[in-house]
Amino acid sequence: MAEAGLAAAIDRVGNVYGRTPGNRRTVLIGSHTDSVPNGGWLDGALGVMYGLEIARAMIEAGHAGGVDVISFQDEEGTFLPCLGSKSYCGVLSNDDLARAAGPDERRLSDVLAAAGFSAEASRFEPDRQVAYLEAHIEQGPKLEAAGARIGIVTGIVGIRRFRVRASGQADHAGTTPMRLRKDAGAALIRLAARILESMPAMSAGETVWNIGAMEFKPGAANVVPAEASFILEIRDLDEKVLDRLQTRVEAMVAEAAAGAPVAVAHESIGRIEAVAMDRALADIVRKVAARHVGEPMIMPSGAGHDAMVVARTMPSAMLFIPSIGGRSHNIVEDTREDDIVLGCRVLADAVNEVLSRAGSTDRPGR
Ligand SMILES: [Zn+2]
């Protein structure tokens, strides 16, 4: 960042923040450079490199106005999901910071102290930055399947997670007659199957769901399960759809509890609100993209991104470029080189458009 002509610093949580010198209006471009275990080379880092390249080119060209670049820390949540963007937007509480722990129970506060970062927090500068733009690989197969090279993100989906538990009685699986069993496992499998079979009819077009964890206790081939649980996750851009699905799932759990010789109950274990991107800003990116490749694909993001934090603080928009085979969070993650170049050109043109509008009119509206 310093080589590109930015005033660069690493802040208290490890964000790397590069400001274009001067007091002109800027667009903030960023993403994250942390990754998941065995992750690929583009998830996150691509959006930071775009910002760095656009800032470098603008400084070199002596462009009026400019780009501030940020590499947010720990978007993936090794210690605390979206740690860097939360800190930047001033929504990270000291309690959250003190409580956060990562692998091997290492406390985030200890790790940050050992890293020797500055005590300063970099912060959103409302009198300076008119918009936040984040480019990211799609991490899914939709763009590739449609032959589209740019995606414009309407919003980032909300997530609801529920743990459903059944409690029965452990008995000998060879000697206990079937009619006398209090089989928590069988009750839970039947309920899980009912939910999965019902979801297509209950959900909206873009809803996705997953039962990604299931556990039996004591968990032996010759013991009737005494306890069983699964975790159901549902994602959609529309909170009303999520409300409706939650109500239906709760009713199905209650029905299962009413008819079974075991107790069945559920609890909510996670909830992230859906976040809409700024419409006016997203439309600028869409129009700029259309000049390059025709109408881009308009799509929600099923994955979380720093933009879902930043969008609550300042006008924000995201663009996606295709992922080969839809693969991501894996070392095979890749994108065609001409798509990588195209994404950067579209983002650079969007920056110019936003800055020229900010110079002559108001900043993009909410
Ligand atoms: Zn990412």
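Residues numbered from 1 in each chain as written. Predicted model: local features only at pLDDT ≥ 70, side-chain atom pairs only at ≥ 80, totals over all residues. Heavy atoms only, no water.

To continue, consider the pattern of salt bridges. The full count for this structure, using the stated rule, is 24 salt bridges. The partner of Glu-60 in a salt bridge is Arg-56, with the nearest N and O atoms 2.8 Å apart. Here Glu-60 and its partner Arg-56 are both found in helix H1 (residues 45-60), 4 residues apart, which amounts to about one turn of the helix. For Arg-286, the salt bridge identified is with Asp-283, shortest N-O distance 2.8 Å. (Salt bridge = Lys/Arg side-chain N within 4 Å of Asp/Glu carboxyl O. Helix = DSSP H or I, 4+ residues; strand = E, 2+ residues; numbered from the N terminus.)

Protein ligation of the zinc ion involves His-32 (NE2), Asp-43 (OD) and His-136 (NE2), the donor distances falling in the range 2.0 to 2.2 Å. Binding-site remark: the zinc ion is held by donors from one chain whose sequence spacing is H-x10-D-x92-H. Here His-136 lies in strand S5 (residues 129-137) and His-32 lies in strand S3 (residues 26-32), a separation of 104 residues in the sequence. Residue classification places His-136 among the buried residues on the basis of a relative accessible area of 1%. (Donors = N, O, S within 2.8 Å, 3.2 Å for Na, K, Ca; no water. Buried < 20%, exposed > 50% of the residue type's maximum accessible area, 1.4 Å probe, protein only.)

This part takes up the environment of Ala-317. Along the polypeptide, Ala-317 turns up in strand S13 (residues 316-321). Each C-alpha atom, one on Ala-317 and one on Ala-135, is 8.6 Å from the other, the two residues being 182 residues apart in sequence.

So, on to the sheet that holds strand S10 (residues 263-272). With antiparallel pairing, 4 strands are arranged side by side in an open sheet as S8-S9-S7-S10. With one partner strand each, in any of the chains shown, strand S8 (208-217) and S10 form the two edges of the open sheet. Sheet twist, expressed as the average angle between the axes of neighbouring strands with direction ignored, equals 15°. Summarising the sheet, S8 and strand S9 (residues 227-236) pair through 9 bridges and their orientation is antiparallel. When the sheet's bridge partners are listed, Val-208 is paired in S9 with Arg-235. (Pairing = 2+ DSSP bridges. Axes fitted to C-alpha atoms, helices over the stretch in contact; angles between N-to-C directions.)

Interpretation of this model should avoid reading the predicted coordinates in detail wherever pLDDT is low. Here the chain averages 95 in pLDDT, while 98% of its residues score no lower than 70. Here residues 360-366 scores under 50 on pLDDT; set against residues more than four positions off or in separate chains, the count is 17 contacts. (pLDDT = per-residue confidence, 0-100. Contact = heavy atoms within 4.5 Å.)

Turning to the side chain of His-305, a few remarks are in order. Tracing the backbone through its elements, the reader meets His-305 in the loop between strand S12 (297-301) and helix H9 (307-310). Overall, His-305 belongs to the buried group, its relative accessible area being 1%. If we ignore the near neighbours within four places in the chain, the residues touching His-305 are Glu-75, Cys-82, Glu-134, His-136, Gln-139, Ile-156, Met-318 and Phe-320.

Nonpolar side chains collect at one region of the surface, where Ile-189, Met-214 and Phe-216 lie side by side and expose about 260 Å² of accessible area between them. Position of Met-214 among the secondary structure elements: in strand S8. (Patch = residues over 30% accessible without salt bridge, like charges linked within 9 Å, V, L, I, M, F, W, Y side chains within 5 Å. Areas by Shrake-Rupley, 256 points an atom, 1.4 Å probe, with all protein chains shown as cover.)

What follows covers unusual backbone geometry. Omega for the peptide link from Lys-217 to Pro-218 comes to 0°, which places this bond in the cis form. Mapped onto the secondary structure, Pro-218 falls in the loop between S8 and S9. A positive phi angle, close to 55°, is found at Asp-74, a residue other than glycine. One can find Asp-74 in the loop between strand S4 (66-72) and helix H2 (83-88). By relative accessible area, Asp-74 is classed as buried at 4%. One non-glycine residue, Asp-104, lies in positive phi territory at about 60°.

What follows covers the packing of helix H6 (residues 184-202) against helix H7 (residues 239-259). Look at H6 against H7: their axes get within 11 Å of each other, and the N-to-C directions meet at 150°. Of the possible angle classes, the one that applies to H6 and H7 is roughly antiparallel. Note on packing geometry: the crossing formed by H6 with H7 is right-handed. Residues Leu-191, Arg-194, Ile-195, Ser-198, Met-199 and Met-202 of H6 pack against Arg-244, Leu-245, Arg-248, Val-249, Met-252, Val-253, Glu-255 and Ala-256 of H7. Of the residues assigned to the contact of H6 with H7, the class counts are 9 nonpolar, 1 polar and 4 charged. (Parallel < 35°, antiparallel > 145°, perpendicular 65-115°, else oblique. Left-handed = near helix turned anticlockwise from the far one by under 90°. Nonpolar A, V, L, I, M, F, W, Y, C, P; charged D, E, K, R; others polar.)

Under the criterion given, the structure shown has 3 aromatic pairs. Here the aromatic rings of Tyr-17 and Tyr-88 are separated by 5.4 Å at their centres, their planes lie at 75°, and the arrangement is edge-to-face. Pair noted here: Tyr-17 is in strand S2 (residues 16-19) and Tyr-88 is in helix H2, with a separation of 71 residues, a long-range link. Ring centres of Phe-72 and Tyr-88 lie 5.8 Å apart, and the angle between their planes is 65°; on these two criteria the pair is classed as edge-to-face. Of this pair, Phe-72 sits in strand S4 while Tyr-88 sits in helix H2; the two residues are 16 residues apart in sequence, bridging distant segments of the chain. Tyr-88 matches Phe-72 in its accessibility class, with the two residues each being buried. By the ring-pair criterion, three or more aromatic residues cluster together here, those being Tyr-17, Phe-72, Tyr-88 and Tyr-132. (Phe/Tyr/Trp six-rings, centres within 6.5 Å; stacked < 30°, edge-to-face > 60°.)

Before going further, it helps to spend a moment on the state of the cysteines. Within the structure shown, the criterion is met by 0 disulfides. Left unpaired, Cys-82 is separated from the closest cysteine sulfur, that of Cys-89, by 9.7 Å. Judged by its relative accessible area of 12%, Cys-89 falls in the buried class. (Disulfide = S-S within 2.5 Å.)

Note that Leu-28 resides in strand S3. Separated by 103 residues in the primary sequence, Leu-28 and Ala-131 place their C-alpha atoms 6.2 Å from one another.

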